[in-house]
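Chain residues, written in single-letter form:
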Amino acid sequence: MNDDVRNIVLGVLAAGISAGLGWLARTYLWRRRLQRKQRFFGLPTNSECLLVVNRSAGTGDWTVARRDVFALLELSAIVKDCGANPHIVPHDSIGQGFGERTEFCIGGPVSNLRMVAHLRSLLPGVEVNTDSEPGPDRGAFRIGSERYRMEKGKVEHVLLARLTAGQDARPVFLACGQHSNANHAAVRYLARQHDRLARKYGNDSFCLLLKAVNSQAYGPDVVELVSDVTRAATTPSPMPSSKSSHRAAR
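Residues numbered from 1 in each chain as written. Predicted model: local features only at pLDDT ≥ 70, side-chain atom pairs only at ≥ 80, totals over all residues. Heavy atoms only, no water.

The next point concerns the pairing of strand 9 (residues 206–213). Most of strand 9 is tucked away: six of the eight residues are buried. Bridge count between strand 9 and strand 10 (residues 223–228): five bridges; the pairing is antiparallel. Across the sheet, the residue bridging to Lys 211 is Glu 224, located in strand 10. (Buried < 20%, exposed > 50% of the residue type's maximum accessible area, 1.4 Å probe, protein only. Helix = DSSP H or I, 4+ residues; strand = E, 2+ residues; numbered from the N terminus. Pairing = 2+ DSSP bridges.)

This is how it looks when you write it as structure tokens:
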């Protein structure tokens, strides 16, 4: 074998080894990222989760608002990426506790009875004005001593929470918005920011207050973080005097 042939063979071998090492490194990093995502969402491979949907507010039939359907599609993509299996269930037909399977619950207490239960059990410091009469406080959030009003199409708040009942329990994710567009905005924020949230909070519980800005023009794309309200939202507040709170819902 002359020098030219030997150099070609060595070059091919070096290229093959480099390509193999590069593939192994990319595969390792991809698996690490997938495992981190699975831990954050509580979705190991072949596990099952619940996508709890509400009904469109103001309707008697069981229909889902268009923006909530879009939110479900984005959640389904997350679940599939983790190798898990989603089950879409109506808000009023579950009849079981939480922690056994990961749950994504979408919608405010007006249209989602499951959300009412989660707010009472997991976020006792949150009050939502569910008054059907028009007024400046309709749909407003009260978290601790702060009140957050909605300006439809301009400023719509939403709570995005990851909550667990124990170390080994699967998480419950809540997207409780003042409007279906805000629900969609929270889910999109979760899909885009889950890496950063996982680095900051790990597997701990958190509750963030977000706002969709000028949704009439921008839809769910422009979202701002208002505050981390975990402490205030998880600390019981005095019982509200108004009958229009979610705590008075039947």
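Below, the discussion takes up unusual backbone geometry. Residue Asn 46 is not a glycine yet carries a positive backbone phi of 70 degrees. With a relative accessible area of 62%, Asn 46 lands in the exposed category. Even without glycine at this site, Asn 214 takes up a positive phi of about 50 degrees. Relative to the elements of secondary structure, Asn 214 occurs in the loop between strand 9 and helix 5 (215–218). For Asn 214, a relative accessible area of 28% translates into the label partly exposed.

Attention now moves to the side chain of Asp 195. Within the element layout of this structure, Asp 195 appears in helix 4 (residues 180–201). Under the relative-accessibility criterion, Asp 195 is labelled buried at 15%. When neighbours within four sequence positions are excluded, Asp 195 is seen to be in contact with Arg 33 and Arg 36. (Contact = heavy atoms within 4.5 Å.)

If you walk across this open sheet you meet the three strands as 4-5-6, and the pairing is antiparallel. Edge strands, defined here as strands with exactly one partner in the open sheet, are strand 4 (126–128) and strand 6 (146–148). Going across the sheet, the axis of each strand differs from the next one's by a mean of 20 degrees, ignoring polarity. In this sheet, strand 5 (residues 141–143) lies alongside strand 4 in antiparallel orientation, the contact comprising three bridges. Pairing of Glu 127 across the sheet is with Arg 142, part of strand 5. (Axes fitted to C-alpha atoms, helices over the stretch in contact; angles between N-to-C directions.)

Counting residues in hydrophobic clusters, the biggest one holds 30 residues, and the most contacted among them are Phe 40, Phe 41, Leu 43, Phe 104 and Leu 190. Sorting the residues of this core by element identifies helix 1 (3–41), strand 1 (48–53), helix 2 (66–81), strand 3 (102–106), strand 7 (155–163), strand 8 (172–177), helix 4 and strand 9 as the ones contributing at least two each. When residues of this core are assigned to their parent elements, the largest contribution, eight residues, is made by helix 4. The next biggest cluster of nonpolar side chains, apart from the first, holds 24 residues, and it includes Cys 105, Leu 119, Val 126 and Tyr 148. (Core = buried A, V, L, I, M, F, W, Y, C linked by side-chain atoms within 4.5 Å.)

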